[in-house]
Amino acid sequence: MRAFEYHAPTTLNEAISLLQEHGEAARPLAGGTDLVVQMKENATKFAAPSHIVSLLRVPELGGISFRESEGLRIGAGATMAEVAESSVIRARYQAIAEGASLVGSIQTMNMATVGGNVCNAAPSADIAPPLLAYEAEAVIVGPSGRRTLALEEFFLGPGKTALATDELLAEVRVPVPPPSTGSAYDRHTPRKQMDIAVVGVAAALTIAGERIERARVALGAVAPTPARARQAEAALEGQAPSDEAFARAAETAVTECSPIADVRGSVEFRRHIVRVMAARMLREALIRVRSR
Ligand SMILES: Cc1cc2nc3c(=O)[nH]c(=O)nc-3n(C[C@H](O)[C@H](O)[C@H](O)COP(=O)(O)OP(=O)(O)OC[C@H]3O[C@@H](n4cnc5c(N)ncnc54)[C@H](O)[C@@H]3O)c2cc1C
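Calculation rules
Residues numbered from 1 in each chain as written. Predicted model: local features only at pLDDT ≥ 70, side-chain atom pairs only at ≥ 80, totals over all residues. Domains from an automatic or database assignment. Near = placed C-beta within 6 Å. Helix = DSSP H or I, 4+ residues; strand = E, 2+ residues; numbered from the N terminus. Nonpolar A, V, L, I, M, F, W, Y, C, P; charged D, E, K, R; others polar. Expected span 1.5 Å × (residues − 1). Buried ≥ 20, exposed ≤ 12 C-beta atoms within 10 Å, placed from the backbone. Contact = placed C-beta atoms within 7 Å. Core = buried A, V, L, I, M, F, W, Y, C linked by C-beta atoms within 7 Å. Pairing = 2+ DSSP bridges. Axes fitted to C-alpha atoms, helices over the stretch in contact; angles between N-to-C directions.

1. Focus: the domain arrangement of the protein chain
Splitting the protein chain by domain gives domain 1 (5-54), domain 2 (61-174) and domain 3 (181-290). Measuring from the centre of the C-alpha atoms in domain 1 to the corresponding centre in domain 3 gives 35 Å.

Spelled out as structure tokens, the structure:
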């Protein structure tokens, strides 16, 4: 690993100033579970930063809070363990808690942050499909202030985000889900733990009377970015929830993804897993609505 200068700012402004000062030569560091590995392996084009700006002592980036009037705020520095254990997230945003609980091992979850998972922008990032299913927004801070972006627009490609080099993800905002909403996230991996998703699927359903009022389906690891399957969602809205409707929507989701073949699975295998898991997550989301 190349030598670097380590900065430990204690405010968000200080962190932004350091990024501004050092430009392309600097990288923010949160839990380091992606970045340090990449730096050791020289795996990315930014793999050898000469300035590391640690975010660990920046209190503005931490915390999880919920208000009925505003929804959920997850600080970029919140760890996966904090998200997985949050009582409000477990009760009202089940898929988000599930995504966080799948990130690596307990040790990984204690270090890995939501901001790091989102900003690393891996197509397989486990927190991404659940956040997309809940229409999360990214709150970005830079030298000229704050801006907000739909999370879907934040992801530009594998490892690429809408962040400028002097900007940080400060937090993720998630609206209050409508009443009678339930959600679920799971992924397929060759190994049960310590592996990345071959396919990840999040589903959220809002039921009004006997109909699906709102459906959200978000896919991970089957396109250059995590993304919603909007046609599958549209196929469900207004329908009565049933295994047949879920199977049709899952089939539609298969047509919306564009997986690659790699050591973890072929294109056809990934499409098949989308078919199976999309229907399964929709069924699970419905069970959760009905058990509320
Ligand atoms: C053993 C192991 C198992 C893993 N298993 C999984 C898994 O199952 N699922 C999964 O999705 N991931 C997994 N990962 C990957 C990793 O743990 C996650 O992506 C994690 O959430 C990254 O967070 P971090 O805080 O460690 O990020 P870091 O490594 O500190 O940073 C990651 C990237 O984000 C940038 N960054 C961090 N915070 C900010 C911010 N606030 N603003 C702007 N840029 C920022 C950094 O500059 C860097 O480019 C695993 C990693 C390891 C080592």
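2. A look at the site of the ligand
Around the ligand there are 32 residues in total, and A30, G31, G104, G116 and N117 lie nearest to it. Sorting the residues of the shell around the ligand by element identifies β2 (26-29), α2 (35-41), α6 (106-111), α7 (114-120) and β10 (168-174) as the ones contributing at least two each. With five residues, α7 is the single largest residue contributor to the shell around the ligand. A per-class count over the shell around the ligand returns 19 nonpolar, 10 polar and three charged.

3. Observations concerning helix α11 (residues 243-256)
Across its 14 residues, α11 extends 20 Å between first and last C-alpha, which sits within 8% of the 20 Å expected from 1.5 Å per residue. Restricting attention to buried positions, one finds in α11 the residues F246, A249, A250, T252, A253 and V254. Where the residues of α11 are buried, they touch β13 (211-220), α10 (230-236) and α12 (267-290).

4. Some points on the nonpolar core
It is characteristic of soluble globular proteins that their nonpolar side chains tend to be buried jointly. Counting residues in hydrophobic clusters, the biggest one holds 94 residues, and the most contacted among them are A203, A253, V274 and A278. At nine residues, the largest contribution of residues to this core is made by α12. Residues in contact with A203, not counting those within four places in the same chain, are A133, S183, A184, R216, V217, A278, M281, L282 and A285.

5. Description of the pairing of strand β7 (residues 145-150)
Counted residue by residue, β7 has zero buried out of six residues, so it is predominantly exposed. In the sheet, strand β6 (residues 137-142) pairs with β7 via six bridges, with the strands oriented antiparallel. Bridge pairing in β7 links V139 to T148. Adjacent in sequence and paired antiparallel, β6 and β7 are bridged by two residues.

6. As for the sheet that holds strand β5 (residues 71-75)
If you walk across this open sheet you meet the five strands as β4-β5-β10-β6-β7, and the pairing is antiparallel. A single partner strand is all that each edge strand has here, and the edge strands are β4 (64-67) and β7. Strand after strand, the sheet turns through a mean of 20° between neighbouring axes, direction not considered.

7. Thoughts on the sheet that holds strand β12 (residues 199-208)
What the four strands build is an open sheet, ordered β11-β12-β13-β14; its pairing is antiparallel. Both edges of this open sheet fall to β11 (181-188) and β14 (227-228), since each of them pairs with a single strand only. In terms of strand pairing, β11 meets β12 through eight bridges, oriented antiparallel. Residue pairing for β12: D186 is matched across the bridge by V201.

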